[in-house]
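As a plain string of letters, each chain reads:
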Amino acid sequence: GKETAKARYYRDSFTTQYQFIPGAGWEFPNPGPGYYPGKGIGYASHIIGTATTYFNSYVEGPPFFLSGPSSVNLFFRRKLESYGVPDAANSVVVDEKGNSIWFAATSLVQYPVSDTRINFEGTADIIGGSGKFSNASGSVTLNGYFNPIDPTDAGIGSKGTIVY
């Protein structure tokens, strides 16, 4: 029979890239309003082989340019539909065997370091998954960075607990 779910250490790390999709009323050179969908390749514990992440966030317009999570399905629905990812997920980690882990960000803070680097940290809940991660739960802290001038210069990693 199926073994009972248990809490396990979780860790991932990805080299990512993103794009900017302007929202209504966007004006150059503002960072918002607009969406920042992206993807990355790396590794995740409990996934054998290469893991891929997909993510999306939204930055509000002036004057404050606050950033927050946005559904990963807005831009990656077709790619992710076989995994059954819900709209509540703003990031996912998937493999090529039908396994996926779904994340919903609960906090995110950005720290500008230089003109070419913004660091961020935050927390996310694991809100489910597919394949061997079906009904997964847990939470992670995440740390990452991106270059506002070069969308290919970005990365993210997280660590925490997954229950499956």
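None of the values given here were measured: they were computed from a predicted structure.

### Structural notes on the packing of aromatic side chains
Inference 1: Taken as a whole and judged by the stated rule, the model has 11 aromatic pairs.
Inference 2: Both rings, one in Tyr 35 and one in Tyr 58, keep their centres 4.7 Å apart while their planes meet at 55 degrees; by these two values the pair is tilted. With Tyr 35 in strand E3 (residues 34–35) and Tyr 58 in strand E6 (residues 57–59), this pair connects stretches of sequence that are 23 residues apart.
Inference 3: Relative accessible area serves as the criterion here: at 26%, Tyr 58 is assigned to the partly exposed category.
Inference 4: Note on Tyr 54 and Phe 76: the rings are 5.0 Å apart at their centroids and 55 degrees apart in plane angle, and the pair reads as tilted. With Tyr 54 in strand E5 (residues 51–55) and Phe 76 in helix H1 (residues 73–80), this pair connects stretches of sequence that are 22 residues apart.
Inference 5: An aromatic cluster is defined as three or more aromatic residues linked by ring pairs; in this entry it consists of Tyr 18, Phe 20, Trp 26, Phe 28, Tyr 36, Phe 120 and Phe 146.
Inference 6: One Lys or Arg, Arg 8, reaches over the ring of Tyr 164 and ends 3.9 Å from the middle of that ring.
Inference 7: Cation over ring: Arg 117 sits above Tyr 145, and NZ or CZ is 4.1 Å from the ring centre.

### Overview of the layout of surface pockets
Inference 1: Space inside the largest pocket adds up to approximately 950 Å³.
Inference 2: Lining the largest pocket are 44 residues, and of these Tyr 36, Phe 55, Ser 57, Phe 120 and Phe 146 sit closest to its centre.
Inference 3: Residue composition of the lining of the largest pocket, by class: 29 nonpolar, 14 polar and 1 charged.

### A look at the side chain of Thr 16
Inference 1: Inspection of the secondary structure assignment puts Thr 16 in strand E1 (residues 7–18).
Inference 2: A relative accessible area of 6% places Thr 16 in the buried class.
Inference 3: Side-chain polar atoms of Thr 16 contact the backbone nitrogen of Gly 155, separated by 3.3 Å.
Inference 4: Beyond its immediate stretch of four places on either side in the chain, Thr 16 contacts Lys 39, Gly 40, Thr 53, Phe 55, Pro 151, Thr 152, Ala 154, Gly 155 and Ile 156.

### With respect to the nonpolar core
Inference 1: Tyr 10, Val 93, Ile 101, Phe 103, Ile 126, Phe 133 and Ile 162 are the most contacted members of the largest nonpolar core, which totals 24 residues.
Inference 2: For this core, the elements supplying multiple residues, two or more each, are E1, E5, strand E9 (100–114), strand E10 (117–130), strand E11 (137–146) and strand E12 (154–163).
Inference 3: Sort the elements by how many residues they give to this core and E10 lands first, with 4 residues.
Inference 4: Beyond its immediate stretch of four places on either side in the chain, Tyr 10 contacts Ala 44, Ser 45, His 46, Val 93, Ile 101, Phe 103, Val 140, Ser 158, Lys 159, Gly 160, Thr 161 and Ile 162.
Inference 5: One finds Tyr 54, Val 85, Val 92 and Trp 102 within the second-largest nonpolar core, a separate group that totals 10 residues.

### Focus: the side chain of Ser 158
Inference 1: Structurally, the position occupied by Ser 158 is in strand E12.
Inference 2: There is a polar contact of 2.8 Å between the side chain of Ser 158 and the side chain of Asp 12.
Inference 3: Beyond its immediate chain neighbours, meaning those up to four positions away, Ser 158 contacts Tyr 10, Arg 11, Asp 12, Val 140, Thr 141 and Leu 142.

Parameters at a glance
- Residues numbered from 1 in each chain as written.
- Predicted model: local features only at pLDDT ≥ 70, side-chain atom pairs only at ≥ 80, totals over all residues.
- Heavy atoms only, no water.
- Phe/Tyr/Trp six-rings, centres within 6.5 Å; stacked < 30°, edge-to-face > 60°.
- Helix = DSSP H or I, 4+ residues; strand = E, 2+ residues; numbered from the N terminus.
- Buried < 20%, exposed > 50% of the residue type's maximum accessible area, 1.4 Å probe, protein only.
- Lys NZ or Arg CZ within 6 Å of the ring centre and 35° of its normal.
- 1 Å grid on protein atoms, 1.4 Å probe; cavity = no way out; pocket = protein on both sides within 12 Å on 5 of 7 lines; lining within 4 Å.
- Points joined across faces, edges and corners; volume = space filled by probe spheres on them.
- Nonpolar A, V, L, I, M, F, W, Y, C, P; charged D, E, K, R; others polar.
- Polar contact = N/O pair within 3.5 Å; in protein donor to acceptor, adjacent residues only side chain to side chain.
- Contact = heavy atoms within 4.5 Å.
- Core = buried A, V, L, I, M, F, W, Y, C linked by side-chain atoms within 4.5 Å.

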